[in-house]
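So the chains spell out like this:
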Amino acid sequence: MQHFEIEVGGRTRRVAVARTGDKFAVTLDDRTVHADVARIDAHTLSLVVDTECPTGATDPVRAAFEVTIAPDAATGQLIVGVGPTPVAVAVNGRRARRRDEASGGNGPQRLSAPMPGKIVRVLVKSGDPVRARQPLVVVEAMKMENELRAGRDGLVAELHAREGESVDAGALLVVVQ
Amino acid sequence: MKKILIANRGEIAVRIIRACREMDLSSVAVYSECDRSALHVRLADEAYAIGPSAPRESYLRIDRLVDAARRSGADAVHPGYGFLAENEDFAAACVGAGLTFIGPTARAIETMGSKTAARGAAKRAGVPVVPGTEDPLGADATSEEIAATAQSIGYPLLVKAVAGGGGKGMRTVVDPSDLASAVGAARSEAATAFGDPAVYLERELPRPRHIEVQLLADHHGAVVPFVERECSIQRRHQKVVEETPSIAVTPALRAEITSAAAAVAKGVGYTNAGTIEFLVDENGRFYFLEMNTRLQVEHPITEMVTGLDLVQWQIRIARGERLDVDPARALTPTGHAIECRVYAEDPDNNFLPSPGRIVALRPAAGPGIRDDSGATAGLDVPIFYDPMISKLAAWAEDRPRAIARMRRALAEYLVAGIRTTVPFFTWLLSQPDFSAGRFDTTYLDGVLKAQNGRPFVEPAAGVEEMAAIAAALHTALSPARPPANGGSTGGRWKTEARLEGLR
């Protein structure tokens, strides 16, 4: 039996995995499902999951899912693709935050360049008050101009972006406090 | 013509290589440093390195492309779209080097590449243009003169770059007091993007549709227009979804708009493939917008409803064949086709590019589906180029069935390692306004604003639980992390053995 703490959708779920042959019993919080798992490649799993009929009147439905699992370079979380839906997941307390809450809460927001590019416009000055989702900096990369926005209300505490400058991925551009 | 050099990369280079192979012609790929492993290099018969990854140092270097053609012994060049496809100097350089340029003449590219000259050509052919200035604004025109011109056109209006494209060098002016600054901004943006600061003024139509007409024209005087494409679903002036035929075009309008397109092409002695873009207002009146003197990104949907191969026809026309396509066939769609441009962008994060390594990829397939892609698992999406990874197209008997088929294909499309716009398309194709065809060029920017950053696909509770279960199983099954530099072959064998043991 292996135990995991899994953060998804802003909640922490306890998951236990027990293996019998090629069958897995997965307990999510207090509910157990039985899953048959086939590994397709390093990033793809096929799951056939027994779902008990609530009345017990019929045999369990054997629901089939294809999932992909890959690390998200930007956040260090896992992105689990369930069909076409990407879900951000953190396993065992790797600091998981929903993107819209990234650096939210009370701490300062450190806005970094998500990709290498060129700063084409800086839309705020040091000390400016900003609102959540207000565009702060425009970075040109991959033939497109991309607006980087504030994640929270606050003041521009630090401004490192300069118009015309080339930046690497991860370069700190603005701190909102 | 025996060997064709493809002066491009990505999915369009792959598309052209496929046409070459089907016609028993040799294909020559060119590649920049970061594209050594790209699919077009792997599929071509020959491949030549042309320089560093930055487009300016490789795919935009006319001298290196012509030199690669000479070294390979190619006798023709296909420019694809983007890069040098609408550069008259490139077309002229190819012809000067004794190569057949698979496209229009340098002169036609030059005429139709200037928006004001193209508007003049449309007017001479008797085709209405959006009201605007005949000539570029003079570089020394005073702000009073510009304001007087603007007043005669009427507000709201657009300031547009004469050499423009892709929404660059373009500003909307609603309030006359913003005119001077908009002209200044458009001029400087146009100078940076196109090396030409010239701008002109054009009235902004309220809620227009973007309807375009594909054409083929041979060297013997034949011009064949095709059934229209509807391209109103745009984000920041970039097409995102295209379909054909348009729900808004009646048979009468189709006859009129396609004849108008043919008249413009004939008037300038146009040859090879091209597309004339129109705006159609709420009353069904149409106005010439511009001409693209090349193959369009969205050409596959036209191929799907007509059964004609546009790239093969480009090659056949370039080698002097007669365009003996039945004009009625080109104008009569069989069924309906839709294309979604799948980008390596994160729709839930303001469509920011999501470059990186694709670790798993299984495109949609099956009945009525066509996936034109340059991406494979194991490839990095480079930061230097347009982040489109695939054009996913669906054909079916009618529009509702084509939408249903596209939704099926999107649900099947599996990609891991990067974010893509697939979830966004899943959302868009379930919107009642999209299903009803109630949209114009302002539609998408409007709904994106209303969405205000909320995710397009909110995972249902069941989906989040499945993701948690999958993450736990994946972690439980993953072999211990290998040493930092990849480990030995022996280690990989063990991993494989462990994976085998699972089944």
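Just so we're clear, the structure is a prediction, and the values are computed from it rather than from any experiment.

1. Description of the overall build of chain A
Okay, step 1: Along chain A, the regular secondary structure elements total zero helices and 16 strands.
Okay, step 2: Counting only residues that meet the buried cut, chain A has 40% of its 177 residues in that class.
Okay, step 3: Contacts spanning at least 24 positions in sequence make up 39% of the contacts within chain A whose residues lie at least 6 apart.

2. What to know about the overall build of chain B
Okay, step 1: Along the backbone of chain B there are 18 helices and 23 strands.
Okay, step 2: In terms of overall size, chain B behaves like a compact globule, its C-alpha atoms giving a radius of gyration of 24 Å where 503 residues would be expected to give roughly 23 Å.
Okay, step 3: For chain B, the exposed surface amounts to about 20,100 Å²; the carbon and sulfur share of it is 51%.
Okay, step 4: Each charge class in chain B can be summarised by its mean position, and for the 56 positive and 62 negative side chains these summaries are 4 Å apart.

3. Quick look at the nonpolar core
Okay, step 1: Core analysis: the biggest nonpolar cluster contains 38 residues, and Ile233, Val241, Leu392, Tyr413, Phe424 and Leu428 of chain B have the highest contact counts within it.
Okay, step 2: Breaking this core down by element, the ones donating at least two residues are strand 12 (238–244), strand 15 (336–343), strand 22 (388–396), helix 13 (399–412), helix 14 (422–428) and helix 16 (443–451) of chain B.

4. Overview of the confidence of the model for chain B
Residue and element names in this part refer to chain B.
Okay, step 1: Taken as a whole, chain B shows an average pLDDT of 92; of its residues, 95% reach a score of 70 or greater.
Okay, step 2: With pLDDT under 50 throughout, residues 482–503 is counted as low confidence; its partners more than four residues away or in other chains account for 14 contacts.
Okay, step 3: The complex prediction reports pTM at 0.87, with the ipTM value standing at 0.82.

5. Focus on the interface of chain A and chain B
Okay, step 1: Facing the 59 residues of chain A at the interface are 57 residues of chain B.
Okay, step 2: Carbon and sulfur atoms supply 66% of the area that chain A and chain B bury against each other, a total of about 4,900 Å² over both sides.
Okay, step 3: The tally of links from chain A across to chain B stands at four salt bridges.
Okay, step 4: As a salt-bridge pair, arginine 13 of chain A and glutamate 465 of chain B come within 3.0 Å of each other at their nearest N and O atoms.
Okay, step 5: Taken together, chain A and chain B are joined by four residue pairs in polar contact (both at pLDDT 80 or more).
Okay, step 6: Here the element with the most residues in the side of chain A that touches chain B is strand 4 (residues 31–41) of chain A; it accounts for seven residues.
Okay, step 7: Taken together, the residues of the side of chain A that touches chain B break down into 35 nonpolar, seven polar and 17 charged.

6. Focus: the side chain of histidine 78 of chain B
Residue and element names in this part refer to chain B.
Okay, step 1: Position of histidine 78 among the secondary structure elements: in strand 4 (residues 76–78).
Okay, step 2: Exposure remark for histidine 78: the relative accessible area of 0% places this residue in the buried category.
Okay, step 3: In terms of polar contacts, histidine 78 uses its side chain to reach the side chain of glutamine 314, at 2.7 Å.
Okay, step 4: Sequence-distant contacts of histidine 78, defined by excluding residues within four places in its chain, comprise Ile4, Leu5, Ile6, Ala7, Ile16, Ile102, Leu295, Val311 and Gln314.

7. Some points on the confidence of the model for chain A
A low pLDDT score tells you not to read the predicted coordinates there in detail.
Okay, step 1: Summary statistics for chain A give a mean pLDDT of 83 and a share of 86% for residues scoring 70 or more.
Okay, step 2: Contacts of residues 96–105 of chain A to residues separated by more than four positions or lying in other chains number 19 contacts, the stretch itself having pLDDT below 50.

8. Looking at the domain arrangement of chain A
Okay, step 1: Domains assigned within chain A are domain 1 (2–91) and domain 2 (103–176).
Okay, step 2: Each of domain 1 of chain A and domain 2 of chain A was reduced to a C-alpha centroid, and the two centroids are 36 Å apart.

9. Overview of the pairing of strand 9 (residues 109–112) of chain A
Residue and element names in this part refer to chain A.
Okay, step 1: Alternating positions in strand 9 separate cleanly, Gln109 and Leu111 being buried on one face and Arg110 and Ser112 remaining unburied on the opposite face.
Okay, step 2: For strand 9 and strand 16 (residues 172–176), the ladder comprises four bridges, and the chain directions are antiparallel. Looking at the pairing, arginine 110 lines up with valine 175 of strand 16.

10. Remarks on the pattern of salt bridges
All names here are of chain B.
Okay, step 1: In total, this model carries 43 salt bridges over all chains according to the counting rule given.
Okay, step 2: Between aspartate 35 and arginine 9 there is a salt bridge, with the nearest N and O atoms lying 2.6 Å from each other. Of this pair, aspartate 35 sits in the loop between strand 2 (26–31) and helix 2 (39–43) while arginine 9 is found in the loop between strand 1 (3–6) and helix 1 (10–22), placing the two residues 26 residues apart along the sequence. Here aspartate 35 and arginine 9 have matching classes, each one buried.
Okay, step 3: Connected through salt bridges with shared partners, the residues Glu212, Arg229, Lys239, Glu242, Glu277, Glu298 and Arg341 form a single ionic network.

11. Some words on the domain arrangement of chain B
A common way to report how large an interface is uses the accessible area buried once the components associate.
Residue and element names in this part refer to chain B.
Okay, step 1: Partitioning chain B into domains gives domain 1 (3–102), domain 2 (131–203), domain 3 (209–451) and domain 4 (467–501).
Okay, step 2: Computed over C-alpha atoms, the centres of domain 1 and domain 3 are 23 Å apart.
Okay, step 3: Of the residues lining the interface, 33 residues belong to domain 1; the matching set on domain 3 comes to 29 residues.
Okay, step 4: Between domain 1 and domain 3, a total of about 2,300 Å² is buried, with carbon and sulfur atoms accounting for 62% of that surface.
Okay, step 5: Taken as a group, Glu11, Arg15 and Met23 account for 26% of the area that domain 1 buries against domain 3, more than any other trio of residues on that side.
Okay, step 6: The tally of links between domain 1 and domain 3 comes to four salt bridges.

12. Notes on the environment of glycine 113 of chain B
Residues and elements named next belong to chain B.
Okay, step 1: Position of glycine 113 among the secondary structure elements: in helix 5 (residues 106–113).
Okay, step 2: Spatially, the C-alpha atom of glycine 113 lies 29 Å from that of arginine 329, the residues being 216 residues apart in sequence.
Okay, step 3: Setting aside residues no more than four positions away along its own chain, glycine 113 makes contact with Val162 and Ala163.

13. Observations regarding the pairing of strand 22 of chain B
A regular strand carries its side chains on alternate faces of the sheet.
Residue and element names in this part refer to chain B.
Okay, step 1: The buried count for strand 22 comes to eight of nine residues, which makes it a mostly enclosed element.
Okay, step 2: Here strand 20 (residues 369–373) pairs with strand 22 via five bridges, running antiparallel. Bridge assignment links isoleucine 369 to a residue of strand 22, and that residue is alanine 394.

14. Section: the packing of helix 1 of chain B against helix 11 (residues 310–318) of chain B
Residues and elements named next belong to chain B.
Okay, step 1: In contact at an axis separation of 9 Å, helix 1 and helix 11 are set at 65° when each is read in the N-to-C sense. Here helix 1 and helix 11 pass one another in a crossing that is right-handed. On the side of helix 1, the interface is formed by Arg15, Ile16, Ala19 and Glu22, while helix 11 contributes Val311, Gln312 and Ile315.
Okay, step 2: Within the contact of helix 1 with helix 11, the residues separate by chemical class into four nonpolar, one polar and two charged.

About the criteria used
Residues numbered from 1 in each chain as written. Chains lettered and ligands numbered in written order. Predicted model: local features only at pLDDT ≥ 70, side-chain atom pairs only at ≥ 80, totals over all residues. Heavy atoms only, no water. Helix = DSSP H or I, 4+ residues; strand = E, 2+ residues; numbered from the N terminus. Buried < 20%, exposed > 50% of the residue type's maximum accessible area, 1.4 Å probe, protein only. Contact = heavy atoms within 4.5 Å. Rg over C-alpha atoms; globule rule 2.2 N^0.38 Å. Areas by Shrake-Rupley, 256 points an atom, 1.4 Å probe, with all protein chains shown as cover. Lys, Arg positive; Asp, Glu negative; His and termini not counted. Charge placed at Lys NZ, Arg CZ, Asp CG, Glu CD. Core = buried A, V, L, I, M, F, W, Y, C linked by side-chain atoms within 4.5 Å. pLDDT = per-residue confidence, 0-100. Buried area = accessible area lost by both parts, 1.4 Å probe. Salt bridge = Lys/Arg side-chain N within 4 Å of Asp/Glu carboxyl O. Polar contact = N/O pair within 3.5 Å; in protein donor to acceptor, adjacent residues only side chain to side chain. Nonpolar A, V, L, I, M, F, W, Y, C, P; charged D, E, K, R; others polar. Domains from an automatic or database assignment. Pairing = 2+ DSSP bridges. Axes fitted to C-alpha atoms, helices over the stretch in contact; angles between N-to-C directions. Left-handed = near helix turned anticlockwise from the far one by under 90°.

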